[in-house]
Amino acid sequence: MLKKISVVLPVLFCAVVLPVAADISAGSEFAFRLFHPDLLTGAGSTAGGGLFSVTPGDIAVNPALTAGEQRVMLNLGYTMLIQPEQGISADGAGLVSLLIPTRRGVFTGSIFGLSSELDNLYLNQLIGLRGGFAKDITDNLYVGAGLNTGIHWGTGSTDWALALDIGFMYWYGQLGFIQDVRFGAALVNIGKPYRMGFPGICTPRVGIAGTLLTVADGNVAAGFSADISIPQFSNLEFNTGVQLQFARMVTVKTAWQFNLRENIAGYHNLIPAVGVTVKFGIHTQNELMTERGWQQSEITTSGAWQNLYNGVHAVSAGAAINLGLKDEEAPEIILWGED
């Protein structure tokens, strides 16, 4: 009985508070993707993208995604927004986030900011905080929850928001010819929205992702993702993405989204985002890094571009630092009496 109530209450809450939410501004549903290039090209995947990879910022999509991470990760991202007709401006969005794995679970925190007063993407100013906790219940099941808050100002008014995100992801395995199939679902922004309805309050998301092919001993791989979300239970958004990886180092990404309400209103955003990530290792003899086992680490650099509404361009760059190497060996079990 309690389990049924815990599932039904968030939905009922969304239905009750929905009438107080204002109409969503154009671009507000994907504004969180502007904080980092991997979010811009991640197709809003609740299942971690076609070729599974996550950064701390991905908890904005599904707070369960980070549950399997083993290494401390620092993530930085910035996106410049350009509308040539208005000349060069300071409009843009940025993010700084940190992921810390522990025995109890994975903790994530982010600080982000946005400023956009372009004619065709008028979102004003925003600064916010987001925190999350994720846990692997089994090898196949991840769960997570997050909390985000922020202050939004502009056009002579100031407002604040406080919302809860919950989600899960399930590693299914082989499905027909598709490998590494994952299913994800999340219910985000349960709480108080900004007065302008940015982003949509109570948004359910469901998605699937998997690997379409691997050749050359895994040195070439391709994957896809597809997601459906229902912002405010009154709109429909479809997202899909394709990723192609070479030598386990370079990944080319593309993502496309369709927002029903925005397209009806004449805000067409049909050009896909494109981007690339490059992963490389670093080695240091720094005493502090060596003491913590971080003498060998990884850096992933990312870049992305998308033409948004009516000539607004998003040009994004970012970097993620994974401290140490991922443990890919099974634990060694020593029985009593063995030498």
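Up top is the structure these notes are about.
Now for a quick tour of the structure. Note that this is a predicted model, so its numbers are computed, not measured. (Residues numbered from 1 in each chain as written. Predicted model: local features only at pLDDT ≥ 70, side-chain atom pairs only at ≥ 80, totals over all residues. Heavy atoms only, no water.)

### What to know about the nonpolar core
Counting 27 residues, the largest nonpolar core has Leu34, Phe35, Leu81, Leu114, Leu121 and Leu308 as the members making the most contacts within it. Only helix H2 (37-40), strand E2 (92-101), strand E3 (106-118) and strand E4 (121-136) provide two or more residues apiece to this core. Once you skip the residues sitting within four places of it in the chain, Leu114 turns out to touch Ala31, Leu34, Phe35, Gly92, Ala93, Leu123, Asn124, Gln125, Leu126 and Phe198. Judged by nonpolar contacts, the second largest core, of eight residues, contains Val54, Tyr142, Met169 and Trp171. (Core = buried A, V, L, I, M, F, W, Y, C linked by side-chain atoms within 4.5 Å. Buried < 20%, exposed > 50% of the residue type's maximum accessible area, 1.4 Å probe, protein only. Helix = DSSP H or I, 4+ residues; strand = E, 2+ residues; numbered from the N terminus. Contact = heavy atoms within 4.5 Å.)

### Brief notes about the side chain of Gln245
You can see Gln245 is positioned in strand E10 (residues 237-246). A polar atom in the side chain of Gln245 sits 3.2 Å from the side chain of Thr251. Apart from residues no more than four positions distant in its own chain, Gln245 is found in contact with Leu51, Asn219, Val220, Ala221, Val250 and Thr251. (Polar contact = N/O pair within 3.5 Å; in protein donor to acceptor, adjacent residues only side chain to side chain.)

### Focus: the pattern of salt bridges
By the definition in use, this model includes six salt bridges. Across the pair Glu298 and Arg71 runs a salt bridge, and its minimum N-O distance is 3.3 Å. Taken together, the positions of Glu298 in strand E13 (residues 296-307) and Arg71 in the loop between H2 and strand E1 (73-82) put the pair 227 residues apart, joining distant regions of the chain. One salt bridge in this structure joins Arg182 and Asp180, with 3.5 Å as the shortest N-O distance. Judged by its relative accessible area of 0%, Arg182 falls in the buried class. Using a relative accessible area of 29% as the deciding quantity, one classes Asp180 as partly exposed. (Salt bridge = Lys/Arg side-chain N within 4 Å of Asp/Glu carboxyl O.)

### Here's the deal with the environment of Leu76
Structurally, Leu76 is set in strand E1. Filtering out sequence-adjacent residues up to four positions away, Leu76 remains in contact with His36, Leu95, Val96, Ala317, Gly318 and Ala319.

### Notes on the pairing of E13
Of the strand pairs in this sheet, strand E12 (residues 273-283) and E13 are connected by ten bridges, and their pairing is antiparallel. Bridged to Val274 within E13 is Trp305. The sheet contact formed by E13 and strand E14 (residues 313-322) spans ten bridges and is antiparallel. For Asn307, the partnering residue across the bridge sits in E14 and is His313. (Pairing = 2+ DSSP bridges.)

### Concerning the pairing of strand E7 (residues 178-192)
Counting buried residues in E7 gives eleven out of 15 residues, a clear majority hidden from the surface. In terms of strand pairing, strand E6 (residues 157-175) meets E7 through eleven bridges, oriented antiparallel. Bridge pairing in E7 places Gly167 opposite Ala186. Between the antiparallel neighbours E6 and E7 lie two residues, among them Gly176 with a positive phi of about 65 degrees. Where E7 lies against strand E8 (residues 203-215), eight bridges are found, and the strand directions are antiparallel. Counterpart to Gln179 in the pairing with E8 is Thr211.

### What to know about the packing of aromatic side chains
Inspection of the entire model under this criterion finds seven aromatic pairs. A centroid spacing of 5.0 Å and a plane angle of 40 degrees characterise the contact between Phe35 and Phe112, whose relative ring orientation is tilted. Taken as a pair, Phe35 in the loop between helix H1 (2-17) and H2 and Phe112 in strand E3 lie far apart in primary sequence, 77 residues in all. Take Phe35: its relative accessible area is 7%, and that puts it in the buried class. Owing to a relative accessible area of 8%, Phe112 belongs among the buried residues under this scheme. Ring plane angle 65 degrees and centroid distance 6.3 Å describe the contact between Phe238 and Trp256, whose orientation is recorded as edge-to-face. In this pair, Phe238 is assigned in strand E10 and Trp256 in strand E11 (residues 250-259), connecting sequence segments 18 residues apart. One aromatic cluster is present, built from ring pairs that chain together Phe52, Tyr142 and Trp171. Directly above the ring of Trp171 sits Arg182, whose terminal nitrogen or CZ lies 5.5 Å from the centroid. (Phe/Tyr/Trp six-rings, centres within 6.5 Å; stacked < 30°, edge-to-face > 60°. Lys NZ or Arg CZ within 6 Å of the ring centre and 35° of its normal.)

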